[in-house]
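Read off the chains here:
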There are 2 protein chains.
Amino acid sequence: MMRDSALGAGAEFDAIRALLARWGERAAGIGDDAAVVDLPRGDSLVVSVDAAVEGRHFTRDWFSSREIGYRAVAAAMSDLAAMAARPLGVLVAITLPASWREQLLELADGMGDAVDAARTRIRGGNLSDGDTLTITTTVLGSVFTPLRRTGARPGDRVYVTGRLGGPRAAIRRLSAGKPAGAFRDRLVNPVPRLDEGRWLAEHGASSGIDLSDGLLGDVRHLAAASGVDIELDARRVPTLPEVDIEDALRSGEEYELVVTSPNAFEVSAFEARFGVPLTEIGAVTGSSSPDRGRGSVRLVGAGPRVADAGGYDHFTR
Amino acid sequence: MMRDSALGAGAEFDAIRALLARWGERAAGIGDDAAVVDLPRGDSLVVSVDAAVEGRHFTRDWFSSREIGYRAVAAAMSDLAAMAARPLGVLVAITLPASWREQLLELADGMGDAVDAARTRIRGGNLSDGDTLTITTTVLGSVFTPLRRTGARPGDRVYVTGRLGGPRAAIRRLSAGKPAGAFRDRLVNPVPRLDEGRWLAEHGASSGIDLSDGLLGDVRHLAAASGVDIELDARRVPTLPEVDIEDALRSGEEYELVVTSPNAFEVSAFEARFGVPLTEIGAVTGSSSPDRGRGSVRLVGAGPRVADAGGYDHFTR
């Protein structure tokens, strides 16, 4: 548990004091063995945990400390968006090597940016010494009817928010030693689609998932969870300018949402409200065996090059 | 988010599948972007996060893989005990170096042991590659009236559960290359005092904290949070046989509870019910300045050697 400002001496406690001072009102109420959070009456708790590990999920070469802090919390928050949940708070567990101690408050500022953007608070955390900077974020949310991965049904339309491909295009350029240009912002400042997720659920979405492993990989997860077959049309997948379809189909860490819906959404109303595109990219074409854990994704309208569609895997990246 | 068994190929997904198969019913319901948890009507959510980092909080030399998994989850669970909360579940984020992959299922068994002991479930998690084995555990609980650190008042009695000093005595022996003997069990198998914490709260406890930093350090946290002065009598602190008072006062990772109460507890009823000692070890002697964050701990009945009482600090350990 992250403690309050009334602690004894020691480098860990000093660092926690500095963090809490930096966060101010964004971390108010911390200081007991655990945080106490009240849920709106009748709502369920939605909770998820996500880790950002230096060298695996980010590198100092590409991101500022503040950006690293922001991305870690924003990525976790995206799981709430996918469930159509309203944020109740986050807990951040930081493993901080000595070589990162000078950057702790910049990391904290980035976490604060993400918490502010989601209009929520830091409810607790943990600070440990260690060899690898790791930010493990637990997000808490509440929702009356969660938007699940399991609700897609034959006949549903498939939609995606945003324009895809930016993060992967940026990573390929940075990996080659080139500037990422206009793609950098999509990699560095992903925006969890929290309000968008709730709007889609309220307007009839039957299932949802956020794009963390890449469009094809995540739609496969959704098809498997729902036990359905999904057909995606590569020609309809919205891409950023100058992004090729391969990047759009495989880009991880998009944090856009894919949802299914039995009815057509009023796309113009969505886009006017959020300033984010909403695009129909396919359909649920059938139901696979009643045995859960099946499901398939078929891609049409793309060259043979992208026919075999893998997701994103931290272990083999 | 830790996913269900319907995933694509890849080493990460294979490992997650193996974990979920090992946990079985203890991890049922995992597979969406986030877990959905219902709280008993009227209860508040209690949530905390704790990290166990190899080389900082544990070492392969002293513990089996199963013990490492158990201790990580049990330690986090102790924060719920201190708040008198009933467990609702845990989320485990694991950073797994290649050198630990063979031990993943043993680690999982230990986590399962801790979850079974607390009569709760694994609600989600995260698995990442990385250089240092780290288990970050988020615990969820529910309680109608949380037992806080802030409720101690002048005139209250101070109690502690269990017999202290075992973990520190064990660590000192192991560090010297000697077997830890009878002390090993206290280090390896700490038992979160979940039922005991709820009993104490139901019987009038005014504040509580769990012993993770050592008796003196944690009582100082409690005194500071409540803004009170506390006097502890070293002669009354219950120690394990052959443990010296220094170890009993400073031993971290005890996961026993310290509570305050305006009235005397019926100690014999507590001990008969739980088979764990409950001992009055001091009193709240006064109120410090109304400015929160003060408070003091005075130790009587000990030699001058232990007069300066430091807590436990992961950074300087």
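In the block above lies the structure referred to throughout.
Residues numbered from 1 in each chain as written. Chains lettered and ligands numbered in written order. Predicted model: local features only at pLDDT ≥ 70, side-chain atom pairs only at ≥ 80, totals over all residues. Heavy atoms only, no water.

## Side note on the sheet that holds strand β10 (residues 278-287) of chain B
All names here are of chain B. Sheet architecture is open: 6 strands sit in the order β7-β9-β6-β10-β8-β11, paired in mixed fashion. In this open sheet, the two strands that pair with only one neighbour each are β7 (207-210) and β11 (296-300). Each neighbouring strand pair of the sheet contributes to a mean axis angle of 25°, computed without reference to strand direction. Two elements, strand β6 (residues 157-161) and strand β9 (residues 257-261), share 4 bridges in a ladder whose sense is antiparallel. The residue bridging Y159 from the neighbouring strand is V259, located in β9. Contacts from helix α2 (residues 65-82) reach β7 and β9 within the one sheet, and its direction differs from that of β7 by about 170°. In this fold helix α7 (residues 215-226) packs onto β7, β8 (228-233), β9, β10 and β11, with an angle of close to 155° to the strand it touches most, β8. (Pairing = 2+ DSSP bridges. Helix = DSSP H or I, 4+ residues; strand = E, 2+ residues; numbered from the N terminus. Axes fitted to C-alpha atoms, helices over the stretch in contact; angles between N-to-C directions. Contact = heavy atoms within 4.5 Å.)

## With respect to the relation of the copies chain B and chain A
The operation relating chain B to chain A is a screw motion whose rotation component is 180°, with 0.0 Å of axial translation and a residual RMSD of 0.0 Å. What the superposition gives is, in effect, a two-fold axis relating one chain to the other. Of the residues that chain B buries at the interface, 100% are likewise interface residues in chain A, meaning the two copies contact each other through the same surface. (Least-squares fit on C-alpha atoms with pLDDT ≥ 70 in both.)

## Examining the packing of helix α1 (residues 11-23) of chain A against helix α3 (residues 104-117) of chain A
Residue and element names in this part refer to chain A. Packing of α1 against α3 brings their axes to within 10 Å, and their N-to-C directions diverge by 40°. As judged from the angle between their axes, α1 and α3 are oblique. As α1 packs across α3, the resulting crossing turns out to be right-handed. Residue-level inspection shows A15, A18, L19, R22 and W23 of α1 in contact with α3, the latter providing L104, L105, A108, D109, M111 and G112. Split into classes, the residues belonging to the contact of α1 with α3 amount to 8 nonpolar, 1 polar and 2 charged. (Parallel < 35°, antiparallel > 145°, perpendicular 65-115°, else oblique. Left-handed = near helix turned anticlockwise from the far one by under 90°. Nonpolar A, V, L, I, M, F, W, Y, C, P; charged D, E, K, R; others polar.)

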